[in-house]
Amino acid sequence: MSIERGRFYGPEQVASSVKNRVEQARERGKHIDYLAFVPDGEPTLDASLGREIELLKPLGIKIVVITNASLIWRNDVRRDLQKADWVSLKIDTVSNDSWRRLNRPHKELNLDKIQEGMLEFGSAFKGELVTESMLIRGINDNRQEIEKLAVFLTRLKPYCAYLTVPTRPPTGKAVRGAGEESFNLAYRVFSEKLPRVECLVGHEGNDFAFTGNIKDDLLGITSVHPMRKEGIMELLTKANSGWDIIEELIEDGRLIEKEYKGVKFYLRRLPDKQALQRK
């Protein structure tokens, strides 16, 4: 856990890698709507984020940054995000106690400063600003929490406010999404105050791009986005490959299988700090 920005990869290295993948996808006739910064972690921790966005702009594809907004109180982070075309800010609650229970932030972070940073960014951003709020049972799904959050969002003025519950395996085993009654209440309260509200409560589909290297594609997608079994099957079909590739990746310790609500998901096993240090 860290709130200090750092340089993880050279911006030119990132841009070159993305350009190669874009070329591979285009050669296969795939249309790309957006290039999204959504790594395993928080994208604004990358001090080179702004430069990477600049290097990718010549591709002519809109740039997205999906952020938990924990560092948006920093001037340099807001400057970097201003370069994107579409920014999603995560905000589940405006109550400090609920925020600490739900998001488990770094002890030095301050929710009031984060909210001030959001408002400052939103007032200056020229692209599309959206918010995402996840409702968790027993934490932020009561009327008081919902109404306070809706009031703050009216000040932020997002193009769209997304409401969601966990649809993929959460890190905490006891975590449960809000019930139907609470979720419907939130939708009604948000809709009364905001021009556009959308619900993200279902499976998002299996339209994952195939670039020609099935193992790289699988590990790349599952490093940031757990895949359902049927989604993997579709990708394997595109590659004319069989399930033995999945078994091999699991056996090698590069892929793990989890079950959530009766559905099997596959995630990339990321190296721990000790393994990285050994390298």
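In the block above lies the structure referred to throughout.
Residues numbered from 1 in each chain as written. Predicted model: local features only at pLDDT ≥ 70, side-chain atom pairs only at ≥ 80, totals over all residues. Heavy atoms only, no water.

Colleague: I'd like to hear about the environment of Pro105, residue by residue, with values.
Modeller: Summarising the element assignment, Pro105 is placed in the loop between α4 (96-103) and α5 (111-124). With relative accessibility at 17%, the residue Pro105 sits in the buried group. Spatially, the C-alpha atoms of Pro105 and Met1 are 8.6 Å apart, while their sequence positions differ by 104 residues. Once residues lying within four places of it in the same chain are set aside, the contact partners of Pro105 are Met1, Trp99 and Arg100. (Helix = DSSP H or I, 4+ residues; strand = E, 2+ residues; numbered from the N terminus. Buried < 20%, exposed > 50% of the residue type's maximum accessible area, 1.4 Å probe, protein only. Contact = heavy atoms within 4.5 Å.)

Colleague: Before we move on, can you summarise the packing of helix α1 (residues 11-27) against helix α2 (residues 49-56) with the specific residues and values?
Modeller: As a packed pair, α1 and α2 sit with axes 9 Å apart at the nearest point and diverge in direction by 40°. In terms of orientation, α1 lies oblique with respect to α2. For the pair α1 and α2, the crossing hand works out as right-handed. Each of Pro11, Glu12, Val14, Ala15, Val18 and Lys19 in α1 lies in contact with α2, whose residues at this interface are Arg51, Glu52, Leu55 and Leu56. (Axes fitted to C-alpha atoms, helices over the stretch in contact; angles between N-to-C directions. Parallel < 35°, antiparallel > 145°, perpendicular 65-115°, else oblique. Left-handed = near helix turned anticlockwise from the far one by under 90°.)

Colleague: I'd like to hear about the packing of aromatic side chains, residue by residue, with values.
Modeller: A full pass over the atoms with the stated rule returns 3 aromatic pairs. Judged by centre distance (6.3 Å) and plane angle (45°), the rings of Tyr34 and Trp86 are tilted. Here Trp86 lies in strand β3 (residues 86-90) and Tyr34 lies in strand β1 (residues 34-37), a separation of 52 residues in the sequence. The exposure class assigned to Trp86 is buried, which follows from its relative accessible area of 17%. An angle of 25° between the planes, with centres 4.8 Å apart, marks the rings of Phe121 and Phe125 as stacked. Summarising the burial analysis for this pair, Phe121 and Phe125 share the class buried. (Phe/Tyr/Trp six-rings, centres within 6.5 Å; stacked < 30°, edge-to-face > 60°.)

Colleague: Describe helix α3 (residues 75-82), listing the residues and the values that go with them.
Modeller: Residues Val77, Arg78, Asp80 and Leu81 constitute the buried set of α3. Projected down its long axis, α3 carries its buried residues within an arc of 160°, all on one side. Considering only its buried residues, α3 is in contact with α2, β2 (62-67), β3 and α5. (Arc of directions from axis to C-beta.)

Colleague: Can you explain the pairing of strand β5 (residues 160-164)? Please cite residues and give values.
Modeller: Burial of β5 is extensive: 5 of the 5 residues sit out of reach of the surface. With burial as the criterion, each face of β5 is covered, one bearing Cys160, Tyr162 and Thr164 and the other bearing Ala161 and Leu163. As paired elements, strand β4 (residues 128-134) and β5 share 5 bridges and run parallel to each other. Looking across to β5, one finds that Val130 is bridged to Cys160. In the classification by handedness, the crossover that spans β4, the intervening helix α6 (residues 143-156) and the parallel β5 is right-handed. Examined bridge by bridge, β5 and strand β6 (residues 197-200) share 4 bridges and lie parallel to one another. When the sheet's bridge partners are listed, Ala161 is paired in β6 with Val197. (Pairing = 2+ DSSP bridges. Right-handed = clockwise from strand over helix to strand, strands pointing away.)

Colleague: Lay out the nonpolar core with the relevant residues and their values.
Modeller: Grouped together as the largest cluster of nonpolar side chains are 50 residues, with contacts concentrated most on Ile72, Leu89, Met118, Phe121, Leu153 and Phe190. Of the residues forming this core, the biggest block, 6 residues, is contributed by α6. Apart from the residues within four sequence positions on either side, Phe190 is in contact with Ser133, Ile146, Leu149, Ala150, Leu153, Ala161, Leu163 and Val197. In this structure, Leu218, Ile232, Leu255 and Tyr266 belong to the second largest nonpolar core, which totals 14 residues. (Core = buried A, V, L, I, M, F, W, Y, C linked by side-chain atoms within 4.5 Å.)

Colleague: Can you lay out the sheet that holds β1 for me, pointing to particular residues and giving the numbers?
Modeller: The parallel open sheet is built from 6 strands, whose spatial order is β1-β2-β3-β4-β5-β6. Strand pairing shows two members of the sheet lacking a second neighbour, β1 and β6, which therefore form its edges. Averaged over all neighbouring strand pairs, the angle between strand axes comes to 20°, with direction disregarded. Contacts from α6 reach β3, β4 and β5, with the element oriented near 170° to β4.

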